[in-house]
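Architecture at a glance
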Amino acid sequence: MSKRPGHAHSTSEPILMQTFDAAGIDKESQFYDEEAARVSQKIDEELKRDWVRRKDAQRRQVKVMLLGQAESGKSTLQKQFQLYYAHHALDHERPLWRPVVYFNVLKAVRMILDELDHELNNLSIDDSVEGQAVAHSLAPLGDLSEEFSRLRTKLVPLVAMEDSLASELSGGVAVTGGRTGVYVRAGWQALVTPLSPNRSRALPGTGGLSPAVAQVTSLASRTLIAVQNEVDELWKHPAVRILLNNRRIRLDESAPFFLDSIKRVAQPDYLPSTADLLNVRLQTLGVAEHSFDIELCGSRYNWLMYDVGGARGQRHAWVPYFDDATAIIFLAPISAFDQYLEEDPRTNRVDDSLQLFTAICSNKLLKNSHLVLMLNKTDLLRKKLEAGVKVRKYITSYGDRPNTYADVSEYFRAHFIQVHKRHDISRRALYVHFTSMLDIRATQDIIVNVGEAIIRSHIAKTGLA
């Protein structure tokens, strides 16, 4: 068969073109492969640097748990740390504490009125030695029924606001195992501030409070201003003083501080002072995390402090935080030798602290944690002993030892040290401090020492330079 002229040429051109195109594609493919490899390498390097940064940040993260029974002083210690290391944040929060201070005042007034009714109505049938002594002390005051009826009538509008104020602060969360509507929970700051970042929903002049909380706070403020003289009269009444001195009226530890300052608290432009923030009573429910930076030897460490609810029903919430805790600061209120748990009236509070400390020392999850013991509320212990309260009446094992601060405090210290020696599974050192959280200077000296010791221990374990 004959071939057409030019047939070979016409068939070779596509082959050359194909060869040319394939070479171009190969070069282009090689370029993209190299570019992809460069991008991938860059991503890998960035991921590695990010991992190193996160690892370094994690190594510089110090997790400290504040443990102890309810009302042991954990939240006050957290505020002391914040006051020392992050005072600007605490200053920013001052307006938010205003409704909590009012709540403390309202609760104190309500408790006095309730206890007055109970004591005065039952005094005539109380034939105990103590009861007869109180009746004898009250006798010169005459019939008090009309006087206290007048004060109660005046103070009813103030006392009636306690539950609504507590409800707004707690976000409607009820507390089981004790009085309802009395305590507010952890994270209450988020509940009393508006949700919007620019706080556009906040009412003018409320310090950033949410409208609902601002409204009830404003009403509490106006009511307190109107009846401040009656609150002062009730607090300073001779009958109330007699019942307090004879321990027939028992108030929260913060109550005397705020009632003594009622004229200051009842001012229209009232803003809580540092002393107010440290004295205010706010029971923690759940676990609250607080974060601030600490500088030591030219390096910055992120301090994560966990303030936990100490009531028996809440202690199970502690466990998830145990595994990687750098340190445990255990607070034991040794002033509570004459008090019993609200959730178990048969258990002495010092005995409960010893049992709880035993559990902490023997917990395997905490075996590598730095351990600090603060025997707290020494100021209240001194006052009780000076007032003649006998330790042996409540703790029979104390026996005939002298009822002095030196002897009593050493007795409690020895018991906690003995618990540590017997039950600490890792035989670690125990650092013991006598503390009064309301003494700012002394507490902050301790905070510096404790903070540095914890961080140095952390450095030694993690190998940080």
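Predicted model only: the values in this text are computed from it and were never measured.

Conventions we followed
- Residues numbered from 1 in each chain as written.
- Predicted model: local features only at pLDDT ≥ 70, side-chain atom pairs only at ≥ 80, totals over all residues.
- Heavy atoms only, no water.
- Patch = residues over 30% accessible without salt bridge, like charges linked within 9 Å, V, L, I, M, F, W, Y side chains within 5 Å.
- Areas by Shrake-Rupley, 256 points an atom, 1.4 Å probe, with all protein chains shown as cover.
- Salt bridge = Lys/Arg side-chain N within 4 Å of Asp/Glu carboxyl O.
- Helix = DSSP H or I, 4+ residues; strand = E, 2+ residues; numbered from the N terminus.
- Buried < 20%, exposed > 50% of the residue type's maximum accessible area, 1.4 Å probe, protein only.
- Lys, Arg positive; Asp, Glu negative; His and termini not counted.
- Contact = heavy atoms within 4.5 Å.
- Pairing = 2+ DSSP bridges.
- Right-handed = clockwise from strand over helix to strand, strands pointing away.
- UniProt positions renumbered as here; feature names shortened; annotations may be inferred.
- Polar contact = N/O pair within 3.5 Å; in protein donor to acceptor, adjacent residues only side chain to side chain.
- Core = buried A, V, L, I, M, F, W, Y, C linked by side-chain atoms within 4.5 Å.

This brings us to a nonpolar patch on the surface. A cluster of nonpolar side chains, namely V39, I43 and L47, defines an oily patch on the protein surface of about 260 Å² accessible area. Take V39: it is sitting in helix α1 (residues 7-59). Looking at V39, the relative accessible area reads 40%, which means it is partly exposed.

Quick look at the side chain of E230 now. Mapped onto the secondary structure, E230 falls in helix α9 (residues 211-236). Buried within the structure, E230 lacks any salt-bridge partner; K154 is the closest side chain of opposite charge, at an N-O distance of 4.4 Å. The residues contacting E230, other than those within four sequence positions of it, are L151, K154 and L155.

In this section: the pairing of strand β5 (residues 370-376). Consecutive side chains along a regular strand alternate between the two faces of the sheet. Along β5, seven of the seven residues are buried, which leaves the element largely enclosed by surrounding structure. Side chains of β5 alternate between two faces, with H370, V372, M374 and N376 and L371, L373 and L375 buried alike. Two strands pair when backbone bridges link them, and strand β4 (residues 327-333) and β5 are joined in this way by seven bridges, in the parallel orientation. For A332, the partnering residue across the bridge sits in β5 and is L375. Taken together, β4, helix α14 (residues 349-361) and β5 constitute a β-α-β crossover, and its handedness is right-handed. When β5 meets strand β6 (residues 430-434), the two strands line up parallel, connected through five bridges. Looking at β6, one finds that V372 is bridged to Y431.

As a further point, take the UniProt feature "binding site: GTP" (unreviewed entry) in the chain. When the UniProt feature table is mapped onto this chain, "binding site: GTP" (unreviewed entry) is found at L278, N279, V280, R281, L282, Q283, T284, N376, K377, T378 and D379. Taking the relative accessible area as the measure of exposure, L278 reaches 5% and is therefore buried. Ignoring any residue separated from it by four or fewer positions in sequence, one finds L278 in contact with T76, K79, Q80, M437, L438 and I440. You can see N279 is positioned in helix α13 (residues 274-279).

Once that is clear, we can look at the side chain of N279. The class for N279 is buried, based on a relative accessible area of 14%. In this structure the side chain of N279 is engaged in a polar contact, spanning 2.8 Å, whose partner is the backbone oxygen of A275.

Across soluble globular proteins, you tend to see nonpolar side chains buried next to one another. Within the largest apolar cluster, 55 residues are counted, with the highest numbers of intra-cluster contacts made by V109, L224, V231 and L234. Put simply, the parts of the chain that give this core at least two residues each are α4 (98-122), α5 (129-138), α6 (145-159), α7 (162-170), α9, α10 (238-245), α11 (255-260) and α12 (262-265). For this core, the element with the highest residue contribution is α4, accounting for twelve residues. Among residues more than four places away in sequence, those in contact with L234 are V109, I112, L113, L116, F148, L151, L155 and V240. Counting residues in hydrophobic clusters, the runner-up holds 37 residues, among them A325, F357, V391 and Y411.

On to the pattern of salt bridges, then. Counting across every chain of the model gives 23 salt bridges. For R248, the salt bridge goes to E119, with nearest N and O atoms at 3.1 Å. Residue R248 is located in the loop between α10 and α11, and its partner E119 is located in helix α4; the two are separated by 129 residues in the primary sequence. Residue R248 is classed as buried on the basis of its relative accessible area of 18%. Accessibility expressed as a relative area gives 9% for E119, which makes it buried. Between D352 and R315 there is a salt bridge whose closest N-O contact spans 2.9 Å. Pair noted here: D352 is in helix α14 and R315 is in the loop between β3 (299-308) and β4, with a separation of 37 residues, a long-range link. With respect to class, D352 is no different from R315; both count as buried. Through salt bridges with shared partners, a single network forms among R312, R315, D344, R346 and D352.

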